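Next come the chains, spelled out residue by residue.
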Amino acid sequence: MDRPLRVAALASGRGSNLAALIAAHLPIELVLVGSDKAKAGALQVARDAGIPTVSFSPKDYADRAAFDRALFGAVADARPDLLVLAGYMRIIDATVVADWEGKAINIHPSLLPKYQGLHTHRRCLEAGDTEHGASVHYVTAELDGGPVVAQARIAVGPADTEETLAQRLLVEEHKLLPAVVGAIATGRLQWNGQPVFDGTPLASPLDISAQGDPSFSRPV
Ligand code: GRF
């Protein structure tokens, strides 16, 4: 592509993943940040960076599909090449999701397919896992269920709590999400009915090391 990738983001919360994306100085143009919460910190992060914002309140709409048509319609009007769900906490109507196949990614704080949905850190501890992580996947109608493209891992120790896991994992999320968006922006990661990395269909998720090196290494 001979121009920066146009990226829109949706977020419901404080927006630290959005801030990491901005700080990474990727070859992207952030064209819109949207939220289902008018007071989301992510909207302030966007405004501080000079990025246009929109917010829509679900209670103003008759049902999920009507809300999603409004919000995702506004996103489509910004003509993004890629939509990033960066802590967007609502289930999306299946008919709306269908319009975004191969064009939307989500970051989720678990080693998918483990722990789709909420309370991932708690569920990881309850299961006695020795390893936890975060995943970036393409968005499909199944919640947290689309093809996983990349993961970051952390070790779980005996003293860990939900809070310590969330804190340590967030540091890795802030490398993982920019790494994936960067890979899409440079054309290394593409969608051709399935994720394709460096010209080869992705058989298993890419791993980013916890060494602070945001470049991908293929899993062994
Ligand atoms: C992250 O842990 C993300 O994986 C999850 O929600 C959190 C969002 O944090 N889905 P932030 O709003 O990016 O700070």
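Scroll up to find the structure.
Residues numbered from 1 in each chain as written. Predicted model: local features only at pLDDT ≥ 70, side-chain atom pairs only at ≥ 80, totals over all residues. Heavy atoms only, no water.

(A) Expanded view of the site of the ligand. Lining the immediate environment of the ligand, one finds G13, R14, G15, S16, N17, G87, I107, P109 and E173. Between the ligand and N17, the relevant distance is 2.8 Å, taken from an oxygen atom to a main-chain nitrogen or oxygen of the residue. At 2.7 Å from an oxygen atom of the ligand is found a side-chain nitrogen or oxygen belonging to E173. Starting from 360 Å² of accessible surface for the ligand in isolation, the protein chains cover 88%. (Near = heavy atom within 4 Å. Polar contact = N/O pair within 3.5 Å; in protein donor to acceptor, adjacent residues only side chain to side chain. Areas by Shrake-Rupley, 256 points an atom, 1.4 Å probe, with all protein chains shown as cover.)

(B) A look at the sheet that holds strand 10 (residues 200-201). A sheet is described by the order of its strands in space; here three strands give the open sequence 8-9-10, paired in antiparallel fashion. For this open sheet the edge positions go to strand 8 (189-191) and strand 10, each flanked by a neighbour on one side alone. In this structure, strand 8 lies alongside strand 9 (residues 195-197), joined through three bridges in antiparallel fashion. Among the inter-strand pairings, Q190 is bridged to a residue of strand 9, identified as V196. (Pairing = 2+ DSSP bridges. Helix = DSSP H or I, 4+ residues; strand = E, 2+ residues; numbered from the N terminus.)

(C) Structural context of helix 1 (residues 16-23). By the burial criterion, the buried members of helix 1 are S16, N17, L18, A20 and L21. Its buried side turned inward, helix 1 meets strand 1 (5-10), strand 2 (28-35), helix 2 (41-48), strand 4 (82-85), strand 5 (104-108) and helix 6 (162-185). One or two steps after helix 1, the chain reaches H25, where phi turns positive at roughly 50 degrees. (Buried < 20%, exposed > 50% of the residue type's maximum accessible area, 1.4 Å probe, protein only. Contact = heavy atoms within 4.5 Å.)

(D) Focus on the packing of helix 1 against helix 2. Relative to each other, helix 1 and helix 2 sit at 20 degrees, their axes nearing to 8 Å. Accordingly, the angle class assigned to the pair helix 1 and helix 2 is roughly parallel. Crossing of helix 1 against helix 2: the hand is right-handed. Note on element contacts: helix 2 touches helix 1 through A42, V45 and A46, opposite L18, A19 and I22. Along the lines of polarity and charge, the residues of the contact of helix 1 with helix 2 split into six nonpolar, no polar and no charged. (Axes fitted to C-alpha atoms, helices over the stretch in contact; angles between N-to-C directions. Parallel < 35°, antiparallel > 145°, perpendicular 65-115°, else oblique. Left-handed = near helix turned anticlockwise from the far one by under 90°. Nonpolar A, V, L, I, M, F, W, Y, C, P; charged D, E, K, R; others polar.)

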